[in-house]
Amino acid sequence: MLKNYKNVLFIGLGSIGQRHYRNYKQIVKNCNFFAIRKIKKSPELSKNNFVKRARLDLKKHNIKEISETNSLKKKFDVVFICNPSSLHIRYALKFAKKGTALFIEKPLSHNLFGLKKLKEKIKKNNIICAVGYQLRYHKFLNKIKKIIDSDDLGKIKKVEIYNQHYLPYHHRYENYRIGYAARKKLGGGVLLCFIHEVDYVNFLFGIPKSIRCISGKKSNLEIDVEDYADIYSNHCLNDHKFKVNIKLDFIKKKEKRKCDILFQYGKINWDLKTDELKIEKKGKIVMKYANKVSRNLLFKKQLELFHKSIKSKSTPISNLDNGILSLKVVMLAKKSNKINKQIQIN
């Protein structure tokens with residue numbers, strides 16, 4: 001256990017809010033937990049997102065419900081913003097003004113409004129702010145980054161990224177039609193919901209030089225957002241140019257989440273669904289890993305390091321800067337699709 005704080009606030013206790021609560025209460029002790037909830041119909045979920053009880057009982061978990069008005073009168077050490085992404089910036093600005101440490105679930109928002117103001121407040125008040133891109137803490141992603149930087153497999157020839165997951169299977173305990181992922185006004189759509197892929201592409205290969213996106217709705221799903229997106233971006237590492245293709249969709253019932261990188265002298269295949277990493281060099285498998293630990297441990301590790309960042313006043317691994325960058329890339333992808341053109345990025 002790390003040294004605790006006095007008061008922690010959760011804004012939103014849906015699937016991800018409950019996960020962060022379960023993990024954070026194991027990291028801190030003797031702490032008062034509070035929650036702001038707008039819709040109070042969430043079931044109590046297990047770490048594997050199975051329904052344990054029809055309704056989340058706050059009293060049973062010693063969580064005190066608090067109104068937004070009263071929350072702004074109280075001092076909190078940490079605020080977790082886990083409500084729909086279209087509401088993230090509104091709450092982040094309110095608590096940044098008070099100088100509270102922030103954990104904002106991904107994506108930062110559904111557009112770019114308010115990001116500059118938030119960054120200014122966080123800098124002015126010297127606030128620790130983390131953004132929920134837990135893949136940045138994954139040992140396989142960091143292993144891939146080291147191989148790329150070492151140039152051991154030579155120059156990159158092409159990259160293919162996939163995240164394909166049937167939306168009604170995403171949160172099986174709820175009607176997909178009313179979830180945030182299905183609704184434009186809440187910040188839904190495959191581009192924002194699957195923004196993890198954009199973020200880790202930025203981490204591995206840097207900011208794209210240009211981007212082209214083709215997206216839209218082609219399924220019979222009852223949603224008002226895009227259900228597929230193909231992103232084509234051009235990158236440059238060490239004066240070498242290559243292309244990255246990210247394929248996202250809510251349509252395919254057979255889940256697929258992979259990262260395939262082809263190099264001059266080998267290739268890397270990371271299956272994020274089975275969490276297996278395979279590295280080949282000159283036609284031979286030189287490394288093969290299978291991650292046997294619980295998926296939840298990655299989320300917990302993220303919060304442990306966030307907590308340490310607060311204590312040491314250091315910048316979290318996944319922070320406001322990469323959160324803003326990933327959102328900007330997605331907004332450019334949306335613009336590219338709208339104008340039906342490739343967009344150059346300076």
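Attention here is on the structure that accompanies the text. (Residues numbered from 1 in each chain as written. Predicted model: local features only at pLDDT ≥ 70, side-chain atom pairs only at ≥ 80, totals over all residues. Heavy atoms only, no water.)

1. A look at the overall build of the chain
- Counting its secondary structure elements, the chain contains nine helices and 17 strands.
- For the C-alpha atoms alone, the extent of the chain along its principal axes is close to 60 × 45 × 40 Å.
- Per-residue burial over the chain gives 54% buried out of 346 residues.
- Looking at the chain alone, contacts between residues at least 24 apart form 71% of all its contacts between residues at least 6 apart.
- When the accessible surface of the chain is totalled, it reaches about 17,400 Å², and 49% of it is carbon and sulfur.
- In the chain, 76 positive and 29 negative side-chain charges are present, and the distance between their average locations comes to 5 Å. (Helix = DSSP H or I, 4+ residues; strand = E, 2+ residues; numbered from the N terminus. Buried < 20%, exposed > 50% of the residue type's maximum accessible area, 1.4 Å probe, protein only. Contact = heavy atoms within 4.5 Å. Areas by Shrake-Rupley, 256 points an atom, 1.4 Å probe, with all protein chains shown as cover. Lys, Arg positive; Asp, Glu negative; His and termini not counted. Charge placed at Lys NZ, Arg CZ, Asp CG, Glu CD.)

2. A few points about the pattern of salt bridges
- Counted by the stated rule, this structure contains 16 salt bridges.
- Arg90 is the salt-bridge partner of Glu68, the closest N and O atoms lying 2.8 Å from each other. Here Arg90 lies in helix H3 (residues 88-97) and Glu68 lies in helix H2 (residues 68-71), a separation of 22 residues in the sequence.
- The exposure class assigned to Glu68 is buried, which follows from its relative accessible area of 14%.
- Its salt-bridge partner being Arg136, residue Asp199 comes within 2.7 Å of it at the nearest N-O pair. Remark: Arg136 occurs in the loop between strand E8 (129-131) and helix H5 (139-150) and Asp199 occurs in helix H7 (residues 195-205); sequence separation between them is 63 residues.
- Note on Asp199: relative accessible area 1%, which makes it buried.
- Take Arg136: its relative accessible area is 11%, and that puts it in the buried class.
- Put simply, Lys38, Glu68, Arg90 and Lys94 are held in one network by salt bridges that share partners. (Salt bridge = Lys/Arg side-chain N within 4 Å of Asp/Glu carboxyl O.)

3. Quick notes on the nonpolar core
- The biggest cluster of nonpolar side chains holds 82 residues, and the ones touching the most others in it are Leu102, Phe205 and Ile261.
- With sequence-adjacent residues up to four places away left out, Ile261 is seen in contact with Ile144, Ile148, Ile156, Lys158, Val159, Phe205, Gly266, Lys267 and Ile268.
- Formed by 24 residues, the second largest nonpolar core is a distinct cluster that contains Val8, Ile27, Phe103 and Ala130. (Core = buried A, V, L, I, M, F, W, Y, C linked by side-chain atoms within 4.5 Å.)

4. Structural notes on the sheet that holds strand E9 (residues 156-164)
- Pairing within the open sheet is mixed, and its nine strands lie in the order E16-E15-E14-E13-E9-E12-E11-E10-E17. The open sheet has two edge strands, strand E16 (284-290) and strand E17 (343-344), and neither has a second partner.
- Sheet analysis places strand E14 (residues 266-271) next to strand E15 (residues 276-281), joined by six bridges and oriented antiparallel. Residue pairing across strands places Lys267 opposite Glu280, the latter belonging to E15. (Pairing = 2+ DSSP bridges.)

5. Section: the sheet that holds E8
- Pairing is parallel across the open sheet formed by six strands, whose spatial order is E5-E2-E1-E6-E7-E8. Single-partner strands in this sheet number two, and they are strand E5 (63-65) and E8. Each adjacent strand pair in this sheet contributes to an overall mean axis angle of 20°, direction not counted.
- Here strand E6 (residues 78-81) pairs with strand E7 (residues 101-104) via four bridges, running parallel. Across the sheet, Phe80 pairs through a bridge with Phe103, a residue of E7. (Axes fitted to C-alpha atoms, helices over the stretch in contact; angles between N-to-C directions.)

6. As for the pairing of E14
- Across five bridges, the pairing between strand E13 (residues 256-263) and E14 is antiparallel. Within the sheet, the bridge partner assigned to Asp260 lies in E14 and is Asn269.
- Taken together, E13 and the strand that follows it, E14, pair antiparallel across an intervening segment of two residues.
- Between E14 and E15, which pair antiparallel one after the other, the connecting turn spans four residues, and Asp275 there sits at a positive phi close to 55°.

7. Details of the packing of aromatic side chains
- Using the criterion set out here, one finds 16 aromatic pairs in the structure.
- Here the aromatic rings of Tyr21 and Phe33 are separated by 5.1 Å at their centres, their planes lie at 90°, and the arrangement is edge-to-face. With Tyr21 in helix H1 (residues 15-27) and Phe33 in strand E2 (residues 32-36), the pair connects residues that are 12 residues apart, well separated along the chain. For the residue pair Tyr21 and Phe33, the accessibility class agrees, reading buried in each case.
- Aromatic pair Phe140 and Tyr289: ring centres 6.0 Å apart, planes at 45°, arrangement tilted. Pair noted here: Phe140 is in helix H5 and Tyr289 is in strand E16, with a separation of 149 residues, a long-range link.
- Classification of Phe140 by relative accessible area gives buried; the value is 3%. (Phe/Tyr/Trp six-rings, centres within 6.5 Å; stacked < 30°, edge-to-face > 60°.)

8. With respect to H7
- Most of H7 sits inside the fold, with 11 of its 11 residues counted as buried.
- Along H7, the positions that sit buried rather than exposed are Ile195, His196, Glu197, Val198, Asp199, Tyr200, Val201, Asn202, Phe203, Leu204 and Phe205.
- Once H7 finishes, Gly206 follows within two positions and takes phi at roughly 85°, a positive value.

9. Examining the environment of Lys98
- Tracing the sequence through the fold places Lys98 in the loop between H3 and E7.
- Along the sequence, Lys98 and Arg136 sit 38 residues apart, while their C-alpha atoms lie 28 Å from each other.
- Leave out the neighbours within four places in its chain, and Lys98 touches Ser71, Leu72 and Lys74.

10. Some words on the packing of helix H4 (residues 115-124) against helix H9 (residues 320-339)
- It is at 11 Å that the axes of H4 and H9 come closest, and there the two elements cross at 175°. Comparing the axis directions of H4 and H9 gives the class roughly antiparallel. Every residue of H9 that contacts H4 at Leu115, Leu118, Lys119 and Ile122 is listed here: Leu320, Asp321, Ile324 and Leu327. (Parallel < 35°, antiparallel > 145°, perpendicular 65-115°, else oblique.)

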